[in-house]
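# A closer look at the structure
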Amino acid sequence: MIKLFACDLDGTLLNARHMTDRTILKCVHEVVSAGAHLAVATGRAVQSTSDHGFRGAPVDMLGSNGTIVRDREGHLLKTFPIDPAALEDLLRTFPTIPFDCATPEGMFIRGSRQQHDEGFKRDNPIKRIIVRGMRGPFNMNDMHFDQTTDDILRMSDVCKVNCRVPDPGRRRELEAYLAEHTDTLVNAPFNPMMFEISDRDANKGAGVAWLASYYGYTEDECAVYGDGGNDIAMLKRFRHSYAMANGSDEAKAAASAVIGSNVFHAAPRHIMQTLRWERQRVTVG
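So, here's what we can say about the structure.

### Notes on the overall build of the protein chain
Counting secondary structure elements, the protein chain contains 12 helices and 14 strands. Radius of gyration (C-alpha) of the protein chain: 19 Å, near the 19 Å computed for a compact globule of 285 residues. Expressed as lengths along the three principal axes of its C-alpha atoms, the size of the protein chain is roughly 65 × 40 × 35 Å. The buried share of the protein chain, taken over its 285 residues, is 54%.

### What to know about the sheet that holds strand β8 (residues 143-144)
With mixed pairing, the 6 strands of this open sheet are ordered in space as β8-β7-β6-β9-β11-β10. If you trace the sheet from one side to the other, it starts and ends with β8 and β10 (185-187), each paired once. With 4 bridges connecting them, strand β9 (residues 160-163) and strand β11 (residues 195-199) associate as antiparallel partners. Bridging from a neighbouring strand, Asn-162 pairs with Glu-196 of β11. Sheet strands in contact with helix α8 (residues 168-180) are β9, β10 and β11, and its direction is about 25° off that of β11.

### Looking at the pattern of salt bridges
What the rule picks out here adds up to 13 salt bridges. Between Arg-92 and Glu-88 there is a salt bridge whose closest N-O contact spans 2.9 Å. With Arg-92 and Glu-88 both in helix α4 (residues 84-93) and 4 residues apart, this pair spans about one turn of that helix. Taken together, the salt bridges that share partners define one network made up of Asp-8, Lys-204 and Asp-231.

### Some thoughts on the sheet that holds strand β4 (residues 68-70)
Taken together, the 8 strands give an open sheet; going across it, the order is β5-β4-β3-β2-β1-β12-β13-β14, and neighbouring strands pair in mixed fashion. Of all the strands in the sheet, just β5 (76-79) and β14 (257-258) have a single pairing partner and so form its edges. As paired elements, strand β3 (residues 60-62) and β4 share 2 bridges and run antiparallel to each other. Note that in β4 the partner of Leu-62 across the bridge is Val-69. Along the sheet, helix α9 (residues 204-215) contacts β1 (4-7), β2 (37-41), β3, β4, β5 and β12 (222-226); its crossing angle with β3, the most-contacted strand, is approximately 150°.

### Notes on unusual backbone geometry
At Arg-55, a position not held by glycine, the phi torsion is positive, near 55°. Inspection of the secondary structure assignment puts Arg-55 in the loop between β2 and β3. With relative accessibility at 63%, the residue Arg-55 sits in the exposed group. For His-265, which is not glycine, the phi torsion reads 60° and is therefore positive. Take His-265: it is sitting in the loop between β14 and α12 (266-284). Taking relative accessible area as the criterion, His-265 reaches 13% and is therefore assigned buried.

About the thresholds
Residues numbered from 1 in each chain as written. Predicted model: local features only at pLDDT ≥ 70, side-chain atom pairs only at ≥ 80, totals over all residues. Heavy atoms only, no water. Helix = DSSP H or I, 4+ residues; strand = E, 2+ residues; numbered from the N terminus. Rg over C-alpha atoms; globule rule 2.2 N^0.38 Å. Buried < 20%, exposed > 50% of the residue type's maximum accessible area, 1.4 Å probe, protein only. Pairing = 2+ DSSP bridges. Contact = heavy atoms within 4.5 Å. Axes fitted to C-alpha atoms, helices over the stretch in contact; angles between N-to-C directions. Salt bridge = Lys/Arg side-chain N within 4 Å of Asp/Glu carboxyl O.

Now the structure itself:
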């Protein structure tokens, strides 16, 4: 029996407009009615079940690539912070990059709002519209700009560091740095234009496994769904893992099976079909 369903958001659980809709919310409530849990496992920062169109639906949340874990009520359960020494070395090695530092209290950004947005302005207009949809209606009260390096280092739980680096030379420098520090850091972006840096052992798979253990479930009682680079560790870890037809080749190779596209609600429909099949099996048994 599957007791915990964990889904990436963009390109997986959400529809083509990067939003929830009636089918998705119906899926959430069917999972809960069956006595199971549905968790969103996303690179996005999520603070509550009201974020990103869930309207308070009873979903567990694994934000910032699974490094910040919250229950259905939004209570903080677990963090997977970056080692403070590794974080300090990263920030001081690249003092001019406007890193976004995700914590349970919000996003602390080294630099101004203008610097933060500069990286997105280099995308073509269509790409900017898509990314804006993926970024979602984030509460600006949770975004803290003009933070210094020392401000950020005083934070107790910096769990993920995001950035876009438009300058090709500086981008290569950061890539080389991360390649030299794989003993402490990992970069698992949802697309190759981003950097999404976390602790080496922190990823969506680790977050889902921790949440399953917290609820008393085994990993074989979990089903996971994803489509991109930051889903690969999760898809590899679990026996019941499903990549989207619209996903990357790497995600498909990591999963145990490939299902349909998020455009046609493949993930929520697969979840609901799984619940119904298991209910029928129990009834027959």
